[in-house]
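Geometric and topological summary
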Amino acid sequence: MRYRSLERLTIIFAWLTGLLLLSAVSLLLGYLFIKGYQSVNLTLIFGDASPLRAILLQERVFNGLFPAIVGTLILVLLSVFWAIPIGMATGIYLAEYASPRAKRVLDAFFDVLSGIPSIVIGLFGFAFAVFLHKHYSDRIGPCLLISSIALSFLVLPYIIRTTQASLEGIPRETRLTALALGATKFQNIFLVLIPRSLTGIMSGIILAIGRCAEDTAVIMLTGAVASTGLPRSLFAQYEALPFYIYYISSQYADRAELMQGYGASIILILLCAVLFSVAYGIRKGLTHFALYRP
Amino acid sequence: MTPDIKIRVADLNFSYRDRTILQDVSVEFPEKTITALTGSSGAGKSTFLMTLNRLWENIPNAQMQGTVEIKLQNQFRDIYAPDLAVTELRKMVATVFQVPNPLPMSIRKNVAFPLKLSGERSRGLVDEKIEQALKMANLWDEVKDRLNEDARNLSGGQQQRLCIARALVLEPEVLLLDEPTSSLDQASTAVIEDLLLKLKDRLTILIVSHHPEQVKRIADKVVEFTDGRIITAP
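Just so it is clear, the model here is predicted, and its values are computed rather than measured.

Parameters and conventions
- Residues numbered from 1 in each chain as written.
- Chains lettered and ligands numbered in written order.
- Predicted model: local features only at pLDDT ≥ 70, side-chain atom pairs only at ≥ 80, totals over all residues.
- Helix = DSSP H or I, 4+ residues; strand = E, 2+ residues; numbered from the N terminus.
- Contact = placed C-beta atoms within 7 Å.
- Nonpolar A, V, L, I, M, F, W, Y, C, P; charged D, E, K, R; others polar.
- Axes fitted to C-alpha atoms, helices over the stretch in contact; angles between N-to-C directions.
- Parallel < 35°, antiparallel > 145°, perpendicular 65-115°, else oblique.
- Left-handed = near helix turned anticlockwise from the far one by under 90°.
- Pairing = 2+ DSSP bridges.
- Core = buried A, V, L, I, M, F, W, Y, C linked by C-beta atoms within 7 Å.
- Buried ≥ 20, exposed ≤ 12 C-beta atoms within 10 Å, placed from the backbone.

So, about the overall build of chain A. Assigned secondary structure in chain A consists of 12 helices and zero strands. For chain A, the succession of helices and strands along the chain, N to C, is α-α-α-α-α-α-α-α-α-α-α-α. For chain A, the spread of C-alpha atoms along the three principal axes comes to 65 × 65 × 40 Å. Residue pairs in contact within chain A that sit at least 24 positions apart in sequence constitute 74% of those at least 6 positions apart.

Written out as structure tokens, the structure is:
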């Protein structure tokens, strides 16, 4: 009888916490959309420029979010581009090749890495940029490249851990299937184990994308600025949505500017949604390709 | 007429995490016969199979002593000798597991998988070998029109025959089966037993089985394991 009521209590508690979480999310999103939906329009993105000409890079956008959107997109893609090969290779090494001792040591390292606050990584990136500036070239300073490298450090642990975990989660029978058919260890990993783990690995990549898109601490120290237009090269400063949101909400002069901050937040969330859907699409396609390619 | 010996195992000891699984096992298996390995579960039958294709080496904390010689390409070879690559060994000593384990791919790609591993690229040859293997495994007529479907959509018995076809596609000399019918119904079991009897002309078969009936139906020889030792080897 006592266990019965305990069980009931647990269920009620679980429901309540779920409900709390759901309402927190919907409250946040709802608040944002109610506050900001009016300011989301083409003028917010393109300012006085013509949208088509701005997208075709024929006209510069001075007072819109377009450069920040492009900056964030490029930043995310670059960071993930650096982090994926290194992270996956590390994860594969940890799951398949590392000796128990090496694994223990590296595990500790990566735990530390995932615990480093992003502002510290930003500071490190900044110091790195200053170092390059002093010792190699005056032209190098905080820039898109430095930011993306620093961000890739921030998200490496996600990709390493998900790769490792999904490889290690493969049951022994599956592991032995290809080996019993004469596969080498390398063939087994790349023809069977990795394709089987793609779903898990992609979840790590999706997490990484979200983190790269929203992180502000790293980029404000390594190259993001409030206004510079579209990034001209990897070595140029750039605009980014999260930095814009931070900047506008701390420095706004009037209500209209604050509203632009809300608008930018909505756009950032939409951008993340788009990136997530693309990643999901790629995940589906990749898994299918890996397993069924002719 | 006594058949030729195919597999010779001498003084085999095996332990896993310091627990002895096999102890002083010495046994021989004749060529082109079906030998049934019986005994209670945990007696070391499956482990014994894994010592014949070195699959245990992929399991951490396992240790083995002793010699295993198999007549491969008409010549007795120590399968643990460094001059025999383990991947080559496993192409000649094929394994079918207890639970059918098709890879998550199409039927065609499952059977073609070992060919792909050994670098066979000619599409014509691959198709020919796939058909041959599937026919040998008595599965061709059931799947020939849907080779590109996901192998996991087949029934359990069909999946197991697919795994046998996959094991046969490289034309091995020895086939190891670890309770291949334990997850199948009676009809599928009968189909696989017939298949094994048919295959006996081509290769040497070792099958772990729990069913005395099955052993009686198909085995030429019975080897019984008890606590990691062999008690009867007539």
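So, about the interface of chain A and chain B. Each side of the interface is counted separately: chain A has 14 residues, and chain B has 20 residues. Contributing elements (two or more residues each) for the side of chain A that touches chain B: helix 8 (172-180), helix 9 (185-214) and helix 12 (255-292) of chain A. A class-by-class count of the residues in the side of chain A that touches chain B yields eight nonpolar, five polar and one charged.

All names here are of chain A. Relative to the helices and strands, Glu239 is located in the loop between helix 10 (217-222) and helix 11 (241-251). Considered as a pair, Glu239 and Ala273 are 34 residues apart in the sequence and their alpha carbons are 20 Å apart. Non-local contacts of Glu239, meaning those with residues more than four positions away in its chain, are made with Pro67, Ala68, Gly71, Ala224, Val225, Ser227, Thr228 and Tyr244.

All right, on to the packing of helix 6 (residues 156-168) of chain B against helix 7 (residues 186-199) of chain B then. Residues and elements named next belong to chain B. As a packed pair, helix 6 and helix 7 sit with axes 9 Å apart at the nearest point and diverge in direction by 20°. Relative to helix 7, the element helix 6 lies roughly parallel. Crossing of helix 6 over helix 7 shows right-handed handedness. Residues Gly156, Gly157, Gln160, Arg161 and Ile164 of helix 6 form the contact with helix 7, whose own contacting residues are Ser188, Val191, Ile192 and Leu195. By residue class, the composition of the contact of helix 6 with helix 7 is four nonpolar, four polar and one charged.

Take the environment of Asn110 of chain B next. All names here are of chain B. Position of Asn110 relative to the elements: it lies in helix 3 (residues 107-117). In sequence terms Asn110 and Asn74 are 36 residues apart; their C-alpha atoms lie 29 Å from each other. Discounting chain neighbours no more than four positions away, the residues touching Asn110 are Pro102, Leu103, Met105, Ala151, Leu162 and Arg166.

So, on to the pairing of strand 5 (residues 75-78) of chain B. Residue and element names in this part refer to chain B. Direction of pairing for strand 4 (residues 62-72) relative to strand 5: antiparallel, over a ladder of four bridges. Paired with Ile70 across the bridge in strand 5 is Arg77. The loop that links strand 4 with its antiparallel partner strand 5 comprises two residues; one of these, Gln73, has a positive phi angle of about 50°.

Turning to the nonpolar core, a few remarks are in order. Judged by nonpolar contacts, the single largest core of 136 residues is most densely connected at Tyr244 of chain A together with Ala165 of chain B. Leave out the neighbours within four places in its chain, and Tyr244 of chain A touches Leu65, Ala68, Ala226, Glu239 and Ala264 of chain A.

When glycine is set aside, most residues are seen to have a negative phi, and most peptide bonds are trans. Residue and element names in this part refer to chain B. Of note, Asn61 is a non-glycine position whose phi angle comes to about 70°, a positive value. The phi dihedral of Glu179 falls on the positive side, at around 45°, and the residue is not glycine. If you trace the backbone, Glu179 turns up in the loop between strand 7 (174-178) and helix 7.

Residues and elements named next belong to chain B. With respect to topology, four strands assemble into an open sheet ordered 2-1-4-5, the strand pairing being antiparallel. Each having just a single partner strand, strand 2 (19-30) and strand 5 make up the two edges of the open sheet. The sheet shows a mean angle of 5° between the axes of neighbouring strands, taken without regard to direction. Strand direction decides the pairing type here: strand 1 (residues 5-16) and strand 4, joined by eight bridges, are antiparallel.

A separate point is the pairing of strand 2 of chain B. Residues and elements named next belong to chain B. Relative to strand 2, strand 1 runs antiparallel, the two sharing eight bridges. Its bridge partner lying in strand 2, Tyr16 is registered against Arg19. Connecting the antiparallel pair strand 1 and strand 2 is a turn made up of two residues, with Arg17 showing a positive phi of about 50°.

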